[in-house]
Amino acid sequence: YFYIFRAIDEDRKIKYKAAVKIQRWFRACRVRAYLRHLSQMAVLIQKWWRGYLRRKNFRETVERAYFIKKLKFYNEMAVRIQKMWRGYYVRKYIHNFYALKKYLKAVSVNNEFVRSELQEYAEMKENEEKMKELEKKIKKKKYEARKMHYLLSTEQIPGIYNSPFRKSPDPMELLLQKSKPLSHRKQEGKSPFADELYDWPTCKKPPAFVTALPLLPADRQKPQGPFRDPAEVLRQRYKPLEPTLRVRESMYSPPAKAREAAPREEWRSPIHDNEFLPFSSYHKNYEKYEPSLCKSGKYGQEAYGTKYFREVYPEKWIADK
């Protein structure tokens, strides 16, 4: 019986292990199927929710775009209405077409009148220029005739303008007969010492200082550059002589001798009111260092005097709170 019970016990153990294995596999399959179902449900919920959000966002975008389009259309129509109204108002009340036409007609008439006057003025100026040129040429020709008066023909010798081979004399010959010859001018010599000697030795005319400035030429232009004004330069050059008191007064007068004696007296007996200054920075208004021999603080003897290199305020370190 021992072997029979042993075989039965082994068979029971084998069946128990097989049952445990089947239960373990089934439970694992059931858990995996449940997790798979949960995952599919979560994906399905997320899909529907995301679709709802996208459709809602799309509807808002469409509404916003439709509102912008409608507002843009309203603005364009308002601008068109304002444009038409402003054009009508400007044409009717501001820029009247008939008034502008009348004004332009008056301007054209005035322009024609001004152009005719300017044309007459230009013709008059041109005639004047021609007359001036003609007078200038005649004057020049008369001057040349006076210069070439020696070419006039005489009873014995005919001139170059009165050739015997010509039927009639040249017009220049007639002009030479009417004109007078030029006379030689005497050059007035100026003494080189006239400005220096002043009628020396008689000294009849004393030297005079220039008070009035000479006038500059009309065509003189200011030179380019940082130069002074010519009037200022002439004013400085020709300013009257103003001698100082030292030049006017004689060096042997009593006031001059007194002024010379005063510095000598001061140099001979100097008076020094200031005491000896040992340092070069003594004259500066610096605060003097005051040493302290018997001064002690909270933490012992202090090495400095009443003036510190760094001021310390411990009460600032402690707040009220």
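A quick note: this is a predicted structure, and the numbers were derived from the prediction, not measured.

So, how was this worked out
- As a convention, each chain's residues are numbered from 1 in the sequence order in which they are written.
- Where totals are concerned, whole chains, interfaces and linings use all residues; where local detail is concerned, this predicted model gives features only for residues with pLDDT of at least 70, and gives and counts side-chain atom pairs only at 80 or more.
- Excluding hydrogens and water, the side-chain figures rest on all heavy atoms present in the structure.
- Numbering of helices and strands runs from the N terminus; a helix is a DSSP stretch of H or I covering at least four residues, while a strand is a stretch of E covering at least two.
- Exposure classes here rest on a 1.4 Å probe applied to the protein chains alone. A residue is buried below 20% of its type maximum, exposed above 50%, and partly exposed in between.
- Between two residues, a contact is recorded if the distance between any of their heavy atoms is within 4.5 Å.
- Areas reported here follow the Shrake-Rupley algorithm with a probe of radius 1.4 Å; residue values treat only the protein chains shown as occluding.
- Within 6.5 Å between ring centres, the rings of Phe, Tyr and Trp (the latter by its six-membered ring) count as paired, and their orientation is classed by plane angle as stacked under 30 degrees, edge-to-face over 60, tilted in between.
- UniProt positions are given in the numbering used here, feature names are shortened, and annotations may be inferred rather than shown by experiment.
- Lines are fitted to the C-alpha atoms to define the axes, a helix being fitted only along its stretch in contact, and any angle between axes, read from their N-to-C directions, falls within 0 to 180 degrees.
- Working definition: roughly parallel below 35 degrees, roughly antiparallel above 145 degrees, roughly perpendicular at 65 to 115 degrees, and oblique for all remaining angles.
- Following the grouping adopted for this structure description, the nonpolar residues are Ala, Val, Leu, Ile, Met, Phe, Trp, Tyr, Cys and Pro, the charged ones are Asp, Glu, Lys and Arg, and the polar ones are all others, Gly among them.
- This arc is built from the directions going out from the helix axis to the C-beta atoms.
- Any N or O atom pair separated by 3.5 Å or less is treated as a polar contact, with the protein-specific requirement of one donor-capable and one acceptor-capable atom, and with residues adjacent in sequence counted only for side-chain atom pairs.
- Like charges are joined within 9 Å and nonpolar side chains (Val, Leu, Ile, Met, Phe, Trp, Tyr) within 5 Å, but only among residues with over 30% relative accessible area and no salt bridge; these make up the patches.
- Within this document, salt bridges are pairs made up of a side-chain nitrogen of Lys or Arg and a carboxyl oxygen of Asp or Glu, the two lying within 4 Å of each other.
- What pLDDT conveys is the predictor's confidence in a given residue, as a value from 0 to 100.

### Focus: the overall build of the protein
So, point 1. In terms of regular secondary structure, the protein is built from seven helices and two strands.
So, point 2. Secondary structure of the protein in N-to-C order comes out as α-α-α-α-α-α-α-β-β.
So, point 3. Counting every position in the protein, which comprises 321 residues, the buried fraction comes to 5%.
So, point 4. Taking all contacts inside the protein whose residues are at least 6 apart in sequence as the whole, residues at least 24 apart take part in 34%.
So, point 5. As displayed, the protein offers around 33200 Å² of accessible surface, 59% of which is attributable to carbon and sulfur atoms.

### Observations regarding the packing of aromatic side chains
So, point 1. This model, assessed by the stated rule, comprises six aromatic pairs.
So, point 2. Summarising the aromatic geometry, the rings of Trp85 and Tyr89 are spaced 6.1 Å apart at their centres and angled 40 degrees between planes, so their arrangement reads as tilted. Of the two residues, Trp85 and Tyr89 both sit in helix H1 (residues 2-94), four residues apart, roughly one turn of that helix.
So, point 3. What makes Trp85 exposed here is its relative accessible area of 51%.
So, point 4. Considering the side-chain rings of Tyr89 and Tyr93, the 5.1 Å spacing of their centres and the 45 degrees angle between planes classify their relative orientation as tilted. Here Tyr89 and its partner Tyr93 are both found in helix H1, four residues apart, which amounts to about one turn of the helix.

### What to know about the UniProt feature "coiled-coil region" (unreviewed entry) in the protein
So, point 1. Residues annotated by UniProt as "coiled-coil region" (unreviewed entry) correspond here to residues 111-144.
So, point 2. The distance separating the terminal C-alpha atoms of residues 111-144 is 48 Å; by composition the span is 100% helix and 0% strand.

### Describing the packing of helix H2 (residues 97-147) against helix H3 (residues 171-178)
So, point 1. One way to put it is that H2 packs onto H3 with a least axis distance of 9 Å and a crossing angle of 75 degrees. With respect to each other, H2 and H3 are oriented roughly perpendicular. For the pair H2 and H3, the contacting residues are Lys141, Lys142, Glu144 and Ala145 in the first and Met172, Leu175 and Leu176 in the second.
So, point 2. In terms of residue class, the contact of H2 with H3 is made up of four nonpolar, no polar and three charged.

### Quick look at the side chain of Ser179
So, point 1. Of note, Ser179 is situated in the loop between H3 and helix H4 (194-197).
So, point 2. Setting aside residues up to four positions removed in sequence, Ser179 forms contacts with Ala145, Arg146 and His149.

### Let's talk about H3
So, point 1. Every buried residue of H3 is listed here: Met172, Glu173 and Leu176. Considered in projection along H3, the buried side chains sweep an arc of 105 degrees and stay on one side of the axis. Turned more than 90 degrees away from the buried face of H3, the exposed residues are Pro171, Gln177 and Lys178.
So, point 2. Contacts made by the buried residues of H3 are with H2.
So, point 3. Two or three places before Met172, at the opening of H3, Asp170 has a side-chain oxygen 3.0 Å from that residue's backbone nitrogen.

### Considering a nonpolar patch on the surface
So, point 1. Together, Trp85, Tyr88, Tyr89, Tyr93 and Ile94 make up a nonpolar patch on the protein surface, roughly 590 Å² of accessible area in all.
So, point 2. Here Tyr88 shows up in helix H1.

### Here's the deal with the pattern of salt bridges
So, point 1. For the structure on display, the rule yields six salt bridges.
So, point 2. For Asp11, the salt bridge is made with Lys15, and the minimal N-O distance between the two is 3.3 Å. With Asp11 and Lys15 both in helix H1, this residue pair falls four residues apart, about one helical turn.
So, point 3. Classification of Lys15 as exposed rests on a relative accessible area of 54%.

### As for the confidence of the model for the protein
So, point 1. When the pLDDT values of the protein are averaged, the result is 79; 71% of them are 70 or greater.
So, point 2. Taking the mean pLDDT of every element in the protein, the minimum, 46, falls on H4 and the maximum, 94, on H1.
So, point 3. Note that pLDDT drops below 50 for residues 192-203; the model gives that stretch six contacts with residues more than four away or on any other chain.

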